[in-house]
Amino acid sequence: MHDTIAASVHRTPAGWRLPGIANLHSHAFQRAMAGLAERQTDPADSFWTWRETMYRMAERFDPETLHAVACQLYVEMLEAGYTTVCEFHYLHHAPDGRPYADAAAMSDALVAAARETGIRLTLLPVLYMTGGFDGRALGERQRRFGHDVDGYLRLFHDLHARQDAGLRVGCALHSLRAVPPEAMRAVLAGLPADARVHVHIAEQVAEVEDCIAVRGARPVAWLLDNATVDARWTLVHATHLDDAEIAAVAGSGATVALCPTTEANLGDGLFPLRTWLDAGGRWGIGSDSHISVSPVEELRWLEYGQRLVTRHRNIAVRGDSPSVGETLLADVLASAAASTGFADAANDSVVLDADAPLLAGATADDVVDRWIFAGNRPLVREVQVAGRQVMRGGAHMAHDAAAAGYAAAMRTLLAD
Ligand code: NGQ
Ligand code: ZN
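Per-chain numbering applies: the sequence of each chain, read as written, is numbered from 1 onward. By the order in which they are written, chains take letters starting at A while ligands take numbers starting at 1. Two thresholds apply to this predicted model, a pLDDT of at least 70 for residue-level local features and 80 or more for giving and counting side-chain atom pairs, whereas whole-chain, interface and lining totals are computed over all residues. Note that the side-chain values use all heavy atoms of the structure and ignore hydrogens as well as water.

A word on the overall build of the protein chain
For step 1, the next point in the chain: Secondary structure counts use DSSP, requiring at least four H or I residues in a row for a helix and at least two E residues in a row for a strand, with both numbered from the N terminus. Each helix and strand in the protein chain was counted, giving 15 helices and 15 strands.
For step 2, the next point in the chain: Throughout, the radius of gyration refers to the C-alpha atoms, and the reference size of a globule is 2.2 Å times the residue count to the power 0.38. The C-alpha radius of gyration of the protein chain comes to 20 Å, within 12% of the 22 Å expected for a compact globule of 416 residues.
For step 3, the next point in the chain: Taken along its principal axes, the extent of the C-alpha atoms in the protein chain is 60 × 50 × 45 Å.
For step 4, the next point in the chain: Between buried and exposed lies partly exposed: a residue is buried under 20% and exposed over 50% of the maximum accessible area for its type, with that area taken using a 1.4 Å probe on protein chains only. Going through the 416 residues of the protein chain one by one, you find that 57% of them count as buried.
For step 5, the next point in the chain: Contact definition: two residues touch when any of their heavy atoms are within 4.5 Å. Of the contacts formed within the protein chain by residues at least 6 apart in sequence, a portion of 76% connects residues at least 24 apart.
For step 6, the next point in the chain: Surface summary for the protein chain: the accessible area is close to 16300 Å², and the carbon and sulfur share equals 52%.
For step 7, the next point in the chain: For the protein chain, the separation between the mean place of its 36 positive charges and that of its 52 negative charges on side chains is 2 Å. For the accessible areas, the method is Shrake-Rupley and the probe is 1.4 Å, while residue cover comes only from the protein chains on display. This count recognises Lys and Arg as positive and Asp and Glu as negative, with His and chain-terminal groups excluded. Where a charge lies is defined by one atom per residue type, namely NZ (Lys), CZ (Arg), CG (Asp) and CD (Glu).

And the structure:
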């Protein structure tokens, strides 16, 4: 049995106790459009046409609706076994691009939702400056995302001063498309030395091609040449990597955040997992657009994508770890602290249903594989975060209140 799993998976009278899982990538507002972008708008539908639909939804949010959607989302995350979430947050201003009277109003809505539901939050205010690699101005629908360097650093430091036991604040660069090189350098120079940095890096082939055309290098190669990428960094959607980039990023100690259900939903491409594991790279998972909120489904599809293209089975294993579920879970646990900034989250726990038929006769040796690969019934019954019990008997304490608040917010968001 994998050492990490042997040390952290226990049978208790209440059921199988496992460590909580960190969700390394979330855009909370996108929960409100889950399932609403699955109709063809154009025969050439792609990530880029989905993005237009997403922008139309983004336009409708205010602090109150963001808070209600985030509460529902965080309840769902906790019920699924995620105990920390990294919010890659870029809906900063009013829809016309003007800052709210309180410039942190939208950030505060997320912080309040995390506090109320009990999930640990790594808030990543996003720097978003340009509409493409050519440096073009933000489009009308992107205006509420934008900052200049000084405005961004003011927001960052204002939020950073509020860090507490349940809140970490790091920096996100939206993407190389959205951040000019000199602005990236200025912002990185203005951060505390231990700040976590997350960036969308190489999700779509078109952005790799644009980066080569404008900056003369692939996105990951460009970033490695122009920033000190190390264990404080998380590269989100490192989908399109060549072998040299894989070796260099793995060696840097950075984490890659993979979001298999969203990456499948958006038609991004397939991450080269086996090569990454062979290079000793760190990785974790995120639910990103929240068409699925389930670590089980992310891990299952991460492995299944590899099986489908290689026509083999049991890909994510190592010499000392023949179980796929244990290898996946151990890697996700190992990357959490570096990516989220929470050093003390290892005691957060979830308890799986002792009476579930899916776990009948389970042993410490097979319970993780059963959880990740068998069936569709959610098995999490109890969740503890930072010593606080937030879920009991299969439902979060605020399950009904969050659902009612969400339904009301959706009426507003979907109104004509
Ligand atoms: C986002 N989402 O920022 O929400 C992005 C799409 C973009 C994902 N990449 C927008 N999954 O990358 O420009
Ligand atoms: Zn994202």
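So much for the structure itself; the text now carries on.
A closer look at the site of ligand 1
For step 1, the next point in the chain: Taken together, the neighbourhood of ligand 1 is formed by 15 residues, with Arg51, Tyr90, His174, Arg177 and Glu203 sitting nearest.
For step 2, the next point in the chain: Whenever a nitrogen or oxygen atom comes within 3.5 Å of another N or O atom, the pair is scored as a polar contact, on the condition that within protein one atom can donate a hydrogen and the other can accept it, and that pairs from neighbouring residues in sequence are kept only if both atoms are in side chains. In the model, an oxygen atom of ligand 1 is placed 3.4 Å from a nitrogen or oxygen of the His27 side chain.
For step 3, the next point in the chain: At 2.8 Å from an oxygen atom of ligand 1 is found a side-chain nitrogen or oxygen belonging to Gln30.
For step 4, the next point in the chain: In isolation ligand 1 exposes 340 Å². Once the protein is present, 99% of that is buried.
For step 5, the next point in the chain: No other element matches the 4 residues that helix H2 (residues 47-58) contributes to the shell around ligand 1.
For step 6, the next point in the chain: Three categories are distinguished: nonpolar for Ala, Val, Leu, Ile, Met, Phe, Trp, Tyr, Cys and Pro, charged for Asp, Glu, Lys and Arg, and polar for the others, with Gly belonging to the last. Across the shell around ligand 1, the residue classes tally to 5 nonpolar, 6 polar and 4 charged. Think of it this way: one heavy atom of a residue within 4 Å of a molecule or strand is enough to make that residue near it.

Side note on helix H7 (residues 205-215)
For step 1, the next point in the chain: Those residues of H7 lying buried are Glu207, Val208, Cys211 and Arg215. Relative to the axis of H7, the buried residues are bounded by an arc of 105° and lie together on one face. Facing away from the buried surface of H7 by more than 90 degrees, the exposed residues are Glu209 and Ala213.
For step 2, the next point in the chain: Where the residues of H7 are buried, they touch helix H6 (181-189) and helix H8 (219-226).
For step 3, the next point in the chain: Looking one or two residues beyond H7, the residue adopting positive phi is Gly216, at roughly 75°. Directions are taken from the helix axis to each C-beta atom, and the arc is the one they span.

A word on the packing of aromatic side chains
For step 1, the next point in the chain: Two rings from Phe, Tyr or Trp (for Trp, the six-membered ring) form a pair when their centres sit within 6.5 Å of each other. Planes less than 30 degrees apart are called stacked, planes more than 60 degrees apart edge-to-face, and all others tilted. Summed over the entire model, instances satisfying the criterion amount to 12 aromatic pairs.
For step 2, the next point in the chain: Ring centres of Phe271 and Trp276 lie 5.9 Å apart, and the angle between their planes is 65°; on these two criteria the pair is classed as edge-to-face. For the pair shown, Phe271 and Trp276 are each scored as buried.
For step 3, the next point in the chain: Geometrically, the ring pair formed by Tyr304 and Phe373 is tilted, given 5.9 Å between the ring centres and 45° between the ring planes. Of this pair, Tyr304 sits in helix H12 (residues 295-310) while Phe373 sits in helix H14 (residues 367-373), and the two are 69 residues apart along the sequence.
For step 4, the next point in the chain: Our definition puts a charge over a ring when NZ of Lys or CZ of Arg is within 6 Å of the ring centre and also within 35 degrees of the ring normal. Sitting over the ring of Trp222, Arg215 keeps its end group 4.4 Å from the ring centre.
For step 5, the next point in the chain: The ring of Phe373 is capped by Arg307, whose NZ or CZ atom sits 5.6 Å from the centre of that ring.

Overview of the coordination of the zinc ion (ligand 2)
For step 1, the next point in the chain: Excluding water, the donors of a metal are its N, O and S neighbours within 2.8 Å, or within 3.2 Å for Na, K and Ca, and that exclusion means sites may look incomplete. With distances of 2.0 to 2.1 Å, the protein atoms coordinating the zinc ion (ligand 2) are His25 (NE2), His27 (NE2) and His200 (NE2).
For step 2, the next point in the chain: One chain supplies every donor to the zinc ion (ligand 2), and in sequence these donors are spaced H-x1-H-x172-H. Taken as a pair, His25 and His27 share a single burial class, namely buried.

Focus: the sheet that holds strand E1 (residues 10-12)
For step 1, the next point in the chain: Taking strand neighbours across the sheet as the criterion, the 6 strands line up as E1-E2-E12-E13-E14-E15 in an open arrangement whose pairing is antiparallel. Both outer strands of the open sheet, E1 and strand E15 (395-396), are each paired with one neighbouring strand and no more.
For step 2, the next point in the chain: Both strand E13 (residues 380-385) and strand E14 (residues 388-392) contribute to a ladder of 3 bridges, which runs antiparallel. Directly across from Gln384, in E14, lies its bridge partner Gln389. The pairing criterion for strands is at least two bridges between them, as found by DSSP.

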